[in-house]
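Okay, here's what each chain looks like letter by letter:
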Amino acid sequence: TQLLEQSPQFLSIQEGENLTVYCNSSSVFSSLQWYRQEPGEGPVLLVTVVTGGEVKKLKRLTFQFGDARKDSSLHITAAQPGDTGLYLCAGADSLDSSYKLIFGSGTRLLVRP
Amino acid sequence: DAGVIQSPRHEVTEMGQEVTLRCKPISGHNSLFWYRQTMMRGLELLIYFNNNVPIDDSGMPEDRFSAKMPNASFSTLKIQPSEPRDSAVYFCANQGQGTEAFFGQGTRLTVV
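Scope of this entry: the structure provided in the associated data block. (Residues numbered from 1 in each chain as written. Chains lettered and ligands numbered in written order. Predicted model: local features only at pLDDT ≥ 70, side-chain atom pairs only at ≥ 80, totals over all residues. Heavy atoms only, no water.)

### Side note on the state of the cysteines
In a disulfide, the sulfur atoms of two cysteines are held together by a covalent bond. Under the counting rule described, the total for this entry stands at 2 disulfides over all chains. Disulfide partner of A:C23: A:C89, at an S-S distance of 2.0 Å. Given an S-S torsion of about 75 degrees, the disulfide between A:C23 and A:C89 has right-handed geometry. With A:C23 in strand β3 (residues 19-24) and A:C89 in strand β9 (residues 85-95), this residue pair connects regions lying 66 residues apart in the sequence. Each member of the pair, A:C23 together with A:C89, is buried. The disulfide that involves B:C23 links it to B:C92, with 1.9 Å between the sulfurs. With the S-S bond torsion at -65 degrees, the cross-link from B:C23 to B:C92 turns out left-handed. On the criterion of sequence distance, the pair formed by B:C23 in strand β3 (residues 19-24) and B:C92 in strand β9 (residues 88-95) is long-range, its members being 69 residues apart. (Disulfide = S-S within 2.5 Å. Helix = DSSP H or I, 4+ residues; strand = E, 2+ residues; numbered from the N terminus. Buried < 20%, exposed > 50% of the residue type's maximum accessible area, 1.4 Å probe, protein only.)

### Details of the interface of chain B and chain A
Listed as interface residues are 23 residues of chain B and, on the opposing side, 21 residues of chain A. When the two sides are added together, the surface that chain B and chain A hide from each other amounts to roughly 1700 Å², 52% of it contributed by carbon and sulfur. The interface formed by chain B and chain A holds 1 salt bridge in total. The closest approach of N and O atoms between A:K100 and B:D56, which form a salt bridge, is 2.9 Å. Linking chain B with chain A are 7 residue pairs in polar contact (both at pLDDT 80 or more), by the criterion used here. Counting residues per element, the ones that place at least two in the side of chain B that touches chain A are β4 (31-38), β5 (42-50), β6 (53-56), β9 and β10 (101-103) of chain B. Residues belonging to the side of chain B that touches chain A are distributed by class as follows: 10 nonpolar, 10 polar and 3 charged. (Contact = heavy atoms within 4.5 Å. Buried area = accessible area lost by both parts, 1.4 Å probe. Salt bridge = Lys/Arg side-chain N within 4 Å of Asp/Glu carboxyl O. Polar contact = N/O pair within 3.5 Å; in protein donor to acceptor, adjacent residues only side chain to side chain. Nonpolar A, V, L, I, M, F, W, Y, C, P; charged D, E, K, R; others polar.)

### Focus: the sheet that holds strand β8 (residues 74-79) of chain B
Residues and elements named next belong to chain B. Taken in spatial order, the 4 strands line up as β1-β3-β8-β7 in an open sheet, and their pairing is antiparallel. Both edges of this open sheet fall to β1 (5-7) and β7 (65-71), since each of them pairs with a single strand only. Going across the sheet, the axis of each strand differs from the next one's by a mean of 15 degrees, ignoring polarity. Taken together, the 5 bridges between β7 and β8 define a ladder with antiparallel strand orientation. When the bridges of β8 are listed, A67 appears paired with L77. (Pairing = 2+ DSSP bridges. Axes fitted to C-alpha atoms, helices over the stretch in contact; angles between N-to-C directions.)

### As for the pattern of salt bridges
Where charged atoms of side chains with opposite charge meet at close range, the side chains can pair. Residue and element names in this part refer to chain A. The tally for this structure, following the rule as stated, stands at 12 salt bridges over all chains. Measuring nitrogen to oxygen at the nearest pair gives 2.9 Å for the salt bridge that ties R60 to D83. Taken together, the residues span a long stretch of sequence, with R60 in the loop between β6 (55-58) and β7 (61-65) and D83 in the loop between β8 (71-76) and β9 at a distance of 23 residues. Looking at D83, the relative accessible area reads 4%, which means it is buried.

### Some words on the nonpolar core
A general tendency of soluble globular proteins is for nonpolar side chains to be buried together. The biggest cluster of nonpolar side chains holds 21 residues, and the ones touching the most others in it are B:W34, B:L77 and B:Y90. Put simply, the parts of the chain that give this core at least two residues each are β3, β4, β5, β7, β8, β9 and β11 (107-111) of chain B. Not counting residues up to four positions away in its chain, the partners in contact with B:L77 are B:V19, B:T20, B:L21, B:W34, B:L46, B:M60, B:S66, B:A67 and B:Y90. Of all hydrophobic cores here, the second largest spans 20 residues; its members include A:F29, A:V47, A:V49 and A:F63. (Core = buried A, V, L, I, M, F, W, Y, C linked by side-chain atoms within 4.5 Å.)

In structure tokens form, the structure reads like this:
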């Protein structure tokens, strides 16, 4: 069974602080995605990383895929209250013409003004 | 496109009753997933379809759960009989040609 462990599970920080969320697995994935979910909504894709060692930036968010394609991190610089939400990583395995997505346990972030 | 549409948004039912959750996927997106989300277990994959065919239903918890996709524009997840431990938010999600999953807003199910 493929599992994705995220840490920390909960994070409460002050506006302006930096933070890093980790996503680890013993399995290799063809790609890895990060989603953000707000209350009452479904998860929304932030980024997809495909190549081992890949780094992608999305404004104040930096995503990295591990060299072995088993782990990933999300770093937020100068967090803002609008960053509050549930962050989910998801590993994708290709199967025929579709991709099976396995989600991590999630990191619940609260940014206090 | 209106995105993935799920109905109902909220469902409260008594234990033992049949529950049917509905999903209208994005037109042209060939893969459809049903997920269940709880605080304890996170987002669990129940079943997924590709081109209307069930590919993997290993995540379906029990025989009480069943899912169908009779055509490319409609899918259902049925629980019969429902139990309090089935209370969760159920999501339907779509994939097109890539790996990105587009989620509906979910159905919050409460079984009392």
